[in-house]
Amino acid sequence: MDVKPYIDYFEEIAHLERDKQFDLLEQACEQVNASSSLPVFPLITHLVRLGLLLLLLGGSYLLFGLTIWILAIAGVLGLLAARVVSSEITDTLIRKALKSLLLE
């Protein structure tokens, strides 16, 4: 996982030098991935995207039928919502791992 966007992102480590932040963020990502036998971050991204797309597309199909423009809007909204939800889940996982690393 690319940790560069998380440099200066978390208040817990924002006061540290960038090299130290980078090392801590890499350790946090490794800790999260080590907790599972599957790669956690790509799995979260794909499952959230698939789940929200199925939910919104299926719901709009049940409510409105096969109206193309409503399905297109539901698809776009599903992708946007999946991006936000997967980012929040990823941020939370990394923040938890960072807190445990800082306590050590």
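These numbers come from a predicted model, not from an experiment.

Before we move on, could you go through the pattern of salt bridges and cite the residues and values that matter?
Evaluated as defined, the whole model comprises two salt bridges. Of the charged contacts, one joins Arg18 and Asp8 as a salt bridge, the two residues approaching to 3.1 Å between their closest N and O atoms. Of this pair, Arg18 sits in helix α1 (residues 18-34) while Asp8 sits in the segment before α1; the two residues are 10 residues apart in sequence, bridging distant segments of the chain. Exposure remark for Asp8: the relative accessible area of 40% places this residue in the partly exposed category. The closest approach of N and O atoms between Arg95 and Glu12, which form a salt bridge, is 3.4 Å. Linking Arg95 in helix α3 (residues 68-103) with Glu12 in the segment before α1, this pair joins segments that are 83 residues apart in sequence. On the accessibility criterion, Arg95 (30% relative accessible area) is partly exposed. Relative accessible area serves as the criterion here: at 26%, Glu12 is assigned to the partly exposed category.

Hey, could you go over the nonpolar core for me, with residue numbers and the actual values?
One finds Phe10, Ile13, Leu25, Ala28, Ile94 and Leu98 to be the most contacted residues of the largest nonpolar core, which totals 20 residues. Of all the elements in the fold, those that place two or more residues in this core are α1, α2 (40-64) and α3. Once you skip the residues sitting within four places of it in the chain, Phe10 turns out to touch Leu25, Asp91, Ile94, Arg95 and Leu98.

Basis of the calculations
Residues numbered from 1 in each chain as written. Predicted model: local features only at pLDDT ≥ 70, side-chain atom pairs only at ≥ 80, totals over all residues. Heavy atoms only, no water. Salt bridge = Lys/Arg side-chain N within 4 Å of Asp/Glu carboxyl O. Helix = DSSP H or I, 4+ residues; strand = E, 2+ residues; numbered from the N terminus. Buried < 20%, exposed > 50% of the residue type's maximum accessible area, 1.4 Å probe, protein only. Core = buried A, V, L, I, M, F, W, Y, C linked by side-chain atoms within 4.5 Å. Contact = heavy atoms within 4.5 Å.

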